[in-house]
Amino acid sequence: MAVELSHPEGLLRQTDYAPLAIGTGSRLLFLAGQTATSPEGIVEADDLAGQVYAALRYVVIGIQGGGGEAKDIARLTCYIPDWRLDKWDAVLDGVGRAQECEGVAKPMPPITIIGVQALFNPQLLVEIEAIAIVG
């Protein structure tokens, strides 16, 4: 296993994500931000949960394109316009779908959410970058 998720003693305990990913692989993959935009340029969902799921699906596709798998994801960074804590449940809903359908780790790898003013397209509600470590 290239990525081991961990909860070191002394850090905030939560169940949604692991605060530490320990990588032992030989290659790093740095994936550009992915959105809920199809290869044809169509935004696939109009709600945050749906866009989180679609963006994570594209993250997995990108990681697979680099020779990895969903389990190799070591870090996620989410950019969300007008971030508020009440959006967290929608993020978790989208992540849950990606865990069920795309093999994203449960709990999630370390994740950071950054509130931003806007994304490239005003229809977009989230953009997700990923780092993966492959065997």
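Values in this document were obtained by computation on a predicted structure and should not be read as measured data.

**Student:** Would you take a moment to explain the pairing of strand 4 (residues 73–81) for this structure?
**Tutor:** Sheet faces and side chains relate simply in a regular strand, where the side chains alternate between the two faces. Most of strand 4 sits inside the fold, with seven of its nine residues counted as buried. Examined bridge by bridge, strand 4 and strand 6 (residues 127–134) share six bridges and lie antiparallel to one another. Residue cysteine 78 lies in a different strand from strand 6, and its bridge partner there is isoleucine 128.

**Student:** What is the right way to look at the packing of helix 1 (residues 48–65) against helix 2 (residues 88–102) in this model?
**Tutor:** For the pair helix 1 and helix 2, the least separation of the axes is 7 Å and the interaxial angle reads 40°. Taken as axis vectors, helix 1 and helix 2 run oblique relative to one another. In this structure, helix 1 meets helix 2 at a crossing whose hand is right-handed. Of helix 2, the residues touching helix 1 (which contributes Leu48, Ala49, Gly50, Val52, Tyr53, Leu56, Arg57 and Val60) are Ala90, Val91, Asp93, Gly94, Val95, Arg97, Ala98, Cys101 and Glu102.

**Student:** Help me understand the sheet that holds strand 6 in this model?
**Tutor:** In spatial order, the strands read 3-6-4-5; together these four strands make up an open sheet with mixed pairing. Each of the sheet's edge strands pairs with one partner strand only, and the pair in question is strand 3 (27–34) and strand 5 (111–116). Across this sheet, the average inter-strand angle for adjacent strands is 10°, counted without regard to direction. The sheet contact formed by strand 3 and strand 6 spans six bridges and is antiparallel. By the bridge assignment for strand 6, leucine 31 is matched with alanine 130.

Scoring rules and cut-offs
Residues numbered from 1 in each chain as written. Predicted model: local features only at pLDDT ≥ 70, side-chain atom pairs only at ≥ 80, totals over all residues. Heavy atoms only, no water. Buried < 20%, exposed > 50% of the residue type's maximum accessible area, 1.4 Å probe, protein only. Helix = DSSP H or I, 4+ residues; strand = E, 2+ residues; numbered from the N terminus. Pairing = 2+ DSSP bridges. Axes fitted to C-alpha atoms, helices over the stretch in contact; angles between N-to-C directions. Parallel < 35°, antiparallel > 145°, perpendicular 65-115°, else oblique. Left-handed = near helix turned anticlockwise from the far one by under 90°. Contact = heavy atoms within 4.5 Å.

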